[in-house]
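Notes for the structure review
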Protein chains: 2
Amino acid sequence: MKKTIFVFSVLILLLLVLFQIGEYAFLMGDTSIEFIIGIIALVFLGIGLYINRSRVTSDSSGKTGIDLKKIKDLGISEREYQVLLEISNGLSNKEIGDKLYISESTIKTHVSNLLVKLDAKRRTHAIQKAKELQIIAG
Amino acid sequence: MKKTIFVFSVLILLLLVLFQIGEYAFLMGDTSIEFIIGIIALVFLGIGLYINRSRVTSDSSGKTGIDLKKIKDLGISEREYQVLLEISNGLSNKEIGDKLYISESTIKTHVSNLLVKLDAKRRTHAIQKAKELQIIAG
DNA sequence: ATCATTTTAGTACTTTAGTATGAGACCTAA
DNA sequence: TTAGGTCTCATACTAAAGTACTAAAATGAT
């Protein structure tokens, strides 16, 4: 919200500045009206593109982006998160162990801990929960 | 691609039209330069917003849309697809059976068939594959 | 009505997943 | 140095998942 207000304030200021430049250049007569209009058009086209880009960025970070803070809040450790990612990739405990060079037993421990921390009954449930919590890509 | 070319053509045409209007209004002296600049700024701001909006829209429909045709191509039946959806919701075979009012044995049959059709080793793998194939929401 | 497909369900079995518990190794902050 | 957390691994167990069949009932199109 604060960001939006800031952006619009800057926008209005820029508009006023452009008014001044436009008037000044017009009065001096050393610049064609086409040039001024072209500059203004380009600037605002850029502004329009930028505003939506930032909107999209904030949207995607809010919808598909990964919430690192939430991972910590849930008490999920680095290793556990790695395991979670491999689970969502469809790997078995054995395969995850081979990939991370640790035993299947250790993976089972990590998975059990993950299920508790994500309040999930199964690994498929954990995937669904993790997506809901936006801690893994969907 | 064709759409992009069309959009930019319209953009250039609009720019030329605005040049003419600007020059005309300027010569007639019945419109202030601020007004013209304001209009142009607004128009191009709108254009900038529109261009990014359409880009986002096409992106999301291409990434989150469900490909019904692909489901048929894979030979996945209606019932099997229902089971697939419940798997991705994190339910167990027993829970899916209860929800669809059929036995767990039947769910197992459906799941086995799904794994073959999706070329998956496990149900978690099936979820990942189904998302990759854009058969389920991700 | 017949053929093909789907849906349903079962048995018997193997494999994978998950729980509970204990314990050693490691690192870091108090 | 000790306390807390993470990471590791193991054993023993229960539960769930998955495979490989077989087969009956329902559905739907020709």
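An account of the accompanying structure is given in this report.

About the criteria used
Numbering of residues begins from 1 in every chain and follows the order in which that chain's sequence is written. Chains and ligands are labelled by the order in which they are written, letters from A for the one and numbers from 1 for the other. The model is predicted, so local features are restricted to residues of pLDDT at least 70 and side-chain atom pairs to those at 80 or more, both for listing and for counting; the totals for chains, interfaces and linings are taken over all residues. Note that water and hydrogens are dropped before the side-chain values are worked out from all heavy atoms of the structure. Starting at the N terminus, helices and strands are each numbered in turn, a helix being any DSSP run of H or I of at least four residues and a strand any DSSP run of E of at least two. With a 1.4 Å probe rolled over the protein chains alone, any residue whose accessible area is under 20% of its type maximum counts as buried; one over 50% counts as exposed, and the rest are partly exposed. By the convention used here, residues are in contact when the closest approach between their heavy atoms is within 4.5 Å. The near set for a molecule or strand comprises every residue that places at least one heavy atom within 4 Å of it. Within 3.5 Å is the distance limit for a polar contact, defined as a pair of N or O atoms, with the added protein rule that one can donate a hydrogen and the other accept it, and that residues adjacent in sequence qualify only through two side-chain atoms. Every axis corresponds to a line fitted to the C-alpha atoms, with the helix fit spanning only the stretch in contact, and the corresponding angles, defined between N-to-C directions, vary from 0 to 180 degrees. Each angle gets one of four labels, with under 35 degrees taken as roughly parallel, over 145 as roughly antiparallel, 65 to 115 as roughly perpendicular, and the rest as oblique. For any pair of crossing helices, the crossing counts as left-handed if the nearer helix is rotated counterclockwise from the farther one by less than a right angle, and right-handed if it is rotated clockwise. In this count, Pro and Cys sit with the nonpolar residues alongside Ala, Val, Leu, Ile, Met, Phe, Trp and Tyr, while Asp, Glu, Lys and Arg are called charged and the others, Gly among them, polar. The salt bridge definition used is simple: a Lys or Arg side-chain nitrogen within 4 Å of an Asp or Glu carboxyl oxygen.

**Things to note about the overall build of chain A**
When you go through chain A residue by residue, the secondary structure sums to 7 helices and 0 strands. Along chain A, from the amino end to the carboxyl end, the secondary structure elements read α-α-α-α-α-α-α. Relative to its 138 residues, chain A shows a buried fraction of 36%. Relative to all contacts within chain A whose residues are 6 or more apart in sequence, the contacts with residues 24 or more apart total 59%.

**Let's talk about the protein's contact with DNA strand C**
Neighbouring DNA strand C are 18 residues; Lys108 and Arg123 of chain A together with Ser77, Arg79 and Ser103 of chain B lie closest to it. Of all DNA strand C atoms lying within 4 Å of any protein atom, the proportion belonging to sugar or phosphate reaches 64%. Within the side chain of Lys108 of chain A, a nitrogen or oxygen atom sits 2.7 Å from a base oxygen of DNA strand C. Here a phosphate oxygen of DNA strand C and a side-chain polar atom of Ser77 of chain B are 2.2 Å apart. Contributions of two or more residues to the surface near DNA strand C are made by helix 6 (104-117) of chain A together with helix 4 (78-88) and helix 6 (104-117) of chain B.

**Some points on the packing of helix 5 (residues 93-100) of chain A against helix 6 of chain A**
Residues and elements named next belong to chain A. Between helix 5 and helix 6, the shortest axis-to-axis distance is 8 Å and the interhelical angle comes to 110°. With respect to helix 6, the element helix 5 is oriented roughly perpendicular. Regarding helix 5 and helix 6, the two cross each other, and that crossing is right-handed. Judged by residue contacts, Asn93, Lys94, Ile96 and Gly97 of helix 5 engage Glu104, Ile107, Lys108 and Val111 from helix 6. When the residues that make up the contact of helix 5 with helix 6 are grouped by side-chain class, the tally is 3 nonpolar, 2 polar and 3 charged.

**Some remarks on the protein's contact with DNA strand D**
Near DNA strand D there are 18 residues, and of these Ser77 and Ser103 of chain A together with Lys108, Ser112 and Arg123 of chain B occur at the shortest range. For DNA strand D, the backbone makes up 64% of the atoms found within 4 Å of the protein, where backbone means sugar plus phosphate. A distance of 2.9 Å is found between a phosphate oxygen of DNA strand D and a side-chain nitrogen or oxygen belonging to Arg79 of chain A. Of all the elements in the fold, those that place two or more residues in the surface near DNA strand D are helix 4 (78-88) and helix 6 of chain A together with helix 6 of chain B. A breakdown of the residues in the surface near DNA strand D according to their chemical character gives 3 nonpolar, 9 polar and 6 charged.

**Side note on the side chain of Asn93 of chain B**
Residues and elements named next belong to chain B. Mapped onto the secondary structure, Asn93 falls in helix 5 (residues 93-100). Classification of Asn93 by relative accessible area gives buried; the value is 17%. Sequence-distant contacts of Asn93, that is, excluding residues within four places in its chain, are made with Glu104, Ile107, Lys108, Val111 and Arg123.

**Overview of the environment of Ile136 of chain A**
Looking at where Ile136 of chain A falls in the secondary structure, it is placed in the segment after helix 7 (123-132). Each residue touching Ile136 of chain A, except ones within four places of it in the same chain, is listed here: Ile66, Tyr81, Leu84, Leu85, Ser88, Ile127, Ala130 and Lys131 of chain A.

**A look at the pattern of salt bridges**
All names here are of chain B. Enumeration according to the criterion identifies 14 salt bridges over all chains in this entry. Note that Glu80 is salt-bridged to Lys117, the shortest N-O span being 2.7 Å. One end of the pair, Glu80, is in helix 4; the other, Lys117, is in helix 6, and 37 residues separate them in sequence. Glu86 is the salt-bridge partner of Lys99, the closest N and O atoms lying 3.2 Å from each other. Linking Lys99 in helix 5 with Glu86 in helix 4, this pair joins segments that are 13 residues apart in sequence.

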